[in-house]
Amino acid sequence: MPTPKPGKAHRQHVSKPLEATTEITSAVIGLVAASLVLFTYERALIPIYATGPTTYLFNPIIVVSVLCASLNPVSISTSWAWLYTALGLAAAPNATYWSSVWTSRKRNPLWGPAVTHLTVLTPLVFLLTISIVSAQLTWAQRKMHITKPPLLYRVSMAGLSFVIEKGLSQHLWPKIAYLNNISESQIFLVLAWVSWCLWIYKHPCGPPKRSKNLVFSSTQIKAVILALSTAMWVLAPRYLSSPVLPHPLHESYHRPGSSITIHSSVQSVTGLIVVGEAGPLEGNESKEIHSVRYLRASHSILGGVWIGPRVMTLNNAAPITDALGTPLGDSIYSTFVLQEAVRLVNSTVKEKSGHQRNGLLIGLGAGTSATAFIRNNVAITIVEIDAAVYDAARKYFGLPNPGPGRVFLEDARAWVEREHNDAVAGSAQTLYDFVVHDCFSGGGVPQHIFTLEFWKSLKSIMVPDGVVAVNFAGVPKSDATRHVLTTLEKSFVSCRAFHDLYGPMSEEQYATEFINIMFKVFFCTASKSPLTFRDSKNSDWLGSPLRRHVLSSLAQRELDLDLIRDPQNQEENSKYILTDAHNPLGKLQDAQGLHHWKRE
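Residues numbered from 1 in each chain as written. Predicted model: local features only at pLDDT ≥ 70, side-chain atom pairs only at ≥ 80, totals over all residues. Heavy atoms only, no water.

Engineer: Outline a nonpolar patch on the surface, supporting the account with residue identities and numerical values.
Structural biologist: There is a patch of nonpolar side chains on the surface, built from V63, L67, L71 and L151 and spanning about 310 Å² of accessible area. A total of three residues in the nonpolar patch trace back to one element, the largest contributor, which is helix α3 (residues 58-71). Among the residues examined, L67 registers a relative accessible area of 36% and is labelled partly exposed. (Patch = residues over 30% accessible without salt bridge, like charges linked within 9 Å, V, L, I, M, F, W, Y side chains within 5 Å. Areas by Shrake-Rupley, 256 points an atom, 1.4 Å probe, with all protein chains shown as cover. Salt bridge = Lys/Arg side-chain N within 4 Å of Asp/Glu carboxyl O. Helix = DSSP H or I, 4+ residues; strand = E, 2+ residues; numbered from the N terminus. Buried < 20%, exposed > 50% of the residue type's maximum accessible area, 1.4 Å probe, protein only.)

This is the structure in structure tokens:
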């Protein structure tokens, strides 16, 4: 007796769970794709615009895009939404690059990124949100047995999607080291391929259902299309990738027709770490910067040195060289030399005896001051959050090996707290004679290592009258600088500060626009003796014309701290103390960072 064929009702009963599973899977893929788009897009823009300008209107524009998708009155099926998403993602590498490059030339750090967000990010978020919400609604319609879910439900689903996407983009993807070795173009194009595959899967395809002459089934036709599409997609990166160099960069790249060479490009924990140089130019009429090597972390210049014909030394001293033997000249920033004045302090016991044995550097940059301290026979411990920065300083900027157990590649707050706990327990291995704290980057600072609690922990691993030198950039007469100074003076007995400008500084310049910004270094100590400095001498200069100029003119560089704080109003000053519970420094620096962006 033949087995009866399943009826229509039975097939529908079987297909409903499968369809529900398909819709849930589609929504999950959409959430993952959207979070990767946010992560990748932001990572691509920061090297051009820096973090502050990139993120200033980032979330509001995303929220508006999500709301528009949830309220969209035009019905767009999930299959077509995935097709449009695939096309948008395929165009995203070049659209992101060229849009941001063009808008950045307008020199507006607010509206430039906003235009790029609206041009590139908004369509992608809109389409992905439609795919996610549509899949959720289809599932809800079957589960709740309703024709059209209420508006509030759609908005709630879109809002929940936004929260999940932001959480993944900020807290998951940055921790996956593998993504550092994948370019933004590759991520966008892989997501485009996934979206294309979803469109093929969800879109009706094949002969009419009533046709009796079926040569291939719908599934077979889709499989063939998918195979052909995948084969063609292998060629996509060649035509759809942006002009951005791959990272990591396996060999130096020289830009044709220019003097620019990129030696290294590595995506790391603090951004895209790039070592580049502008080589010597033929002739002397060009106004372009030349003969310089620099270290960048995304948008920010961490340091640099002169090379080629701009390498100059005193008394024919041999210049330092990089790991490949290339001669290197002075730092392009004098503030890193100004930090070295911590060795000239002569008002504490160790400094009076001339026996500064141990120094701590929090933040390395290109390693200018670290190299000088090591050349002056000071044992230096380096705490640097980014391993790629340390590797660049060693290979391209002449940083000597500090020695075993002297390099810690981690967050300074965690490291200091661990050392503080050891000191409290009486098991500290080293107490530091001085600390150089240099953690400025592109108008912003890691605010958690400028608080009262941090300075208290730091003092516990220093000798009782040790000296800390804090590099801080910002308008001198500003709330940000006043917060830093007030907190330092609360933590230490006395402080003095010096600027790195080449000429004298007028009182008017204390409140000038950020375009006239200079770096300033605060020197503070817990010693009850007045903080004083000896005169620099030939051995301090290490054959460097810049060191001779900066250290010999230290007295002319001092800032009047009474113009920054209010010496007559201690109650008012107390409002400017930074603590872990009250710390507006990041927001204040972000505002000033918009001006810093225009300078760079």
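Right, picking up where we left off after that structure.
Engineer: Could you give me a rundown of the pairing of strand β4 (residues 292-297), with the residues and numbers involved?
Structural biologist: The buried fraction of β4 is high, at five of six residues. Note that strand β3 (residues 271-278) and β4 share six bridges and pair antiparallel. Considered in β4, the bridge of V275 is made with L295. Turn length for the β4-strand β5 (residues 300-306) hairpin, with the two strands adjacent in sequence and antiparallel, is two residues, and the turn residue S298 shows positive phi of about 55°. (Pairing = 2+ DSSP bridges.)

Engineer: Can you lay out empty space enclosed by the protein for me, pointing to particular residues and giving the numbers?
Structural biologist: Taken as a whole, this structure holds two cavities of 30 Å³ or more when the rule is applied. Taken together, 24 residues form the lining of the largest cavity, with I320, G329, D330, R375 and R547 sitting closest to its centre. The set of elements that each furnish at least two residues to the lining of the largest cavity consists of α12 (368-375) and α18 (545-552). For the lining of the largest cavity, the element with the highest residue contribution is α12, accounting for four residues. (1 Å grid on protein atoms, 1.4 Å probe; cavity = no way out; pocket = protein on both sides within 12 Å on 5 of 7 lines; lining within 4 Å. Points joined across faces, edges and corners; volume = space filled by probe spheres on them.)

Engineer: Give a description of the pairing of β3 that names residues and reports values.
Structural biologist: With respect to burial, β3 is a largely interior element, eight of its eight residues being buried. Of the pairings in the sheet, the one linking strand β2 (residues 260-268) to β3 comprises eight bridges and is antiparallel in character. Counterpart to Q267 in the pairing with β3 is L272. Two successive antiparallel strands, β2 and β3, enclose a turn made up of two residues.

Engineer: An account of the nonpolar core is requested, with residue identities and associated values reported.
Structural biologist: Ranked by internal contacts, the top residues of the largest apolar core, which has 40 residues, are V37, Y41, I62, L89, L121, L179 and L191. Counting residues per element, the ones that place at least two in this core are α1 (8-49), α3, α4 (78-104), α5 (111-144), α6 (151-171) and α7 (184-202). The leading source of residues in this core is α1, at ten residues. Apart from the residues lying within four places of it in its own chain, the contact partners of V37 are L89, L121, L124, L128, F188 and L191. (Core = buried A, V, L, I, M, F, W, Y, C linked by side-chain atoms within 4.5 Å. Contact = heavy atoms within 4.5 Å.)

Engineer: An account of the packing of α4 against α7 is needed here, citing residue identities and associated values.
Structural biologist: Put simply, α4 and α7 touch, their axes get as near as 8 Å, and they point 165° apart. As the angle between them shows, α4 and α7 are arranged roughly antiparallel. Here the hand of the crossing between α4 and α7 comes out left-handed. Taking contact as the criterion, the partners of T78, S79, W80, W82, L83, T85, A86, L89, A90, A92, P93 and T96 in α4 are, on α7, S185, F188, L189, L191, A192, S195, W196, L198, W199 and K202. Considered class by class, the residues forming the contact of α4 with α7 number 15 nonpolar, six polar and one charged. (Axes fitted to C-alpha atoms, helices over the stretch in contact; angles between N-to-C directions. Parallel < 35°, antiparallel > 145°, perpendicular 65-115°, else oblique. Left-handed = near helix turned anticlockwise from the far one by under 90°. Nonpolar A, V, L, I, M, F, W, Y, C, P; charged D, E, K, R; others polar.)

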